[in-house]
Amino acid sequence: LPEVPTMAVEKVFVYNNTSIVQDEILAHRLGLIPIRADPRLFEYRNQGDEEGTEIDTLQFQLKIKCSRNPQAAKESSDPNELYFNHKVYSKHMTWVPLGNQTDLFPDADFRPVHDDILIALLRPGQETDVLMHCVKGIGKDHAKFSPVATASYRLLPDITLLQPIEDEAAEMLQKCFSPGVIEIQNIKGKKVARVANARLDTFSREVFRHESLKNLVRLARVRNHYIFSVESTGILPPDVLVSEAIKILMGKCQRFLNELDSVPME
């Protein structure tokens, strides 16, 4: 969340913006668009550097103007038919190479992660013309640099059936848990419940609302089994994010050990 770096829009140069979206709001929206660019290819920009170079900056342009569709039916009221370019999407952002970036990244495809992020709405005559500088940063400085939507962990659920649960009770038990947790088997003409996949359980504790079931089931957690969930914004795959986070943690540990070694012993 806070320390794996990414590339995001940091500076927005507004040359023309006649849309109803104010300049500062437009810049804020652009900053939150995830950019598909490997941050490991770039350096951090020096503080106070306004221009940026090919090794620390990605440049994007957004230039679009809305116009009427002369072929639209007179009775139509659908903006999609009446106007051209009335919706400004992230797909309209185009990469403008800086310096020798074309040679540095010959196979690069720098662009927003998603093409369908709505940025603004326009009407005939309105236009947006801005230039963006993307720089490398971390979520500790601003949330727009965070590479994940969510990152969380939980303990593995442990569900134990204390005695056989059959027929109607088995069906009731199955409804108390998330789909896939409890399955019903047909054994000698009887419906018998069994725990199929405890990992899918969300610990709703619904089973304890039923007097006939609450003493037949034990819910617990496996104390040394963690389930980590990492949902990437699409800038980097989750497995890469985890490995990069581990490298940062190892670096912190090494710095701490170095500091301990440098402290004179009394």
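Procedures and definitions
- Residues numbered from 1 in each chain as written.
- Predicted model: local features only at pLDDT ≥ 70, side-chain atom pairs only at ≥ 80, totals over all residues.
- Heavy atoms only, no water.
- UniProt positions renumbered as here; feature names shortened; annotations may be inferred.
- Pairing = 2+ DSSP bridges.
- Helix = DSSP H or I, 4+ residues; strand = E, 2+ residues; numbered from the N terminus.
- Domains from an automatic or database assignment.
- Expected span 1.5 Å × (residues − 1).
- Buried < 20%, exposed > 50% of the residue type's maximum accessible area, 1.4 Å probe, protein only.
- Contact = heavy atoms within 4.5 Å.

Taking an unreviewed UniProt entry as the reference, the chain is identified by name as DNA-directed RNA polymerases I and III subunit RPAC1 belonging to Pygoscelis adeliae. Under the UniProt heading Sequence similarities (unreviewed entry), the note attached to the chain is "Belongs to the archaeal Rpo3/eukaryotic RPB3 RNA polymerase subunit family." As recorded by UniProt, the Subcellular location (unreviewed entry) comment attached to the chain reads in full: "Nucleus".

K.L.:
Break down the sheet that holds strand β10 (residues 127–137) for me, citing the residues and quoting the values.
P.N.:
Either a parallel or an antiparallel arrangement is found when strands of a sheet pair, and the pairing is made through backbone hydrogen bonds. Read from one edge of the open sheet, four strands run β1-β10-β3-β7, paired in antiparallel fashion. In this open sheet, the two strands that pair with only one neighbour each are β1 (6–17) and β7 (94–95). As paired elements, strand β3 (residues 58–65) and β10 share eight bridges and run antiparallel to each other. Residue Lys 65 lies in a different strand from β10, and its bridge partner there is Glu 127.

K.L.:
Got a sec to walk through the domain arrangement of the chain? Specific residues and values, please.
P.N.:
What the domain assignment reports for the chain is domain 1 (5–146) and domain 2 (158–219). Distance between the C-alpha centres of domain 1 and domain 2: 51 Å.

K.L.:
Account for helix α5 (residues 238–262), naming residues and giving values.
P.N.:
Taking 1.5 Å per residue as the helical rise, α5 with its 25 residues ought to reach 36 Å, and the 36 Å between its terminal C-alpha atoms agrees with that figure. The complete set of buried residues in α5 reads Val 240, Leu 241 and Glu 244. On its buried face, α5 is in contact with β11 (148–161) and β14 (217–232).

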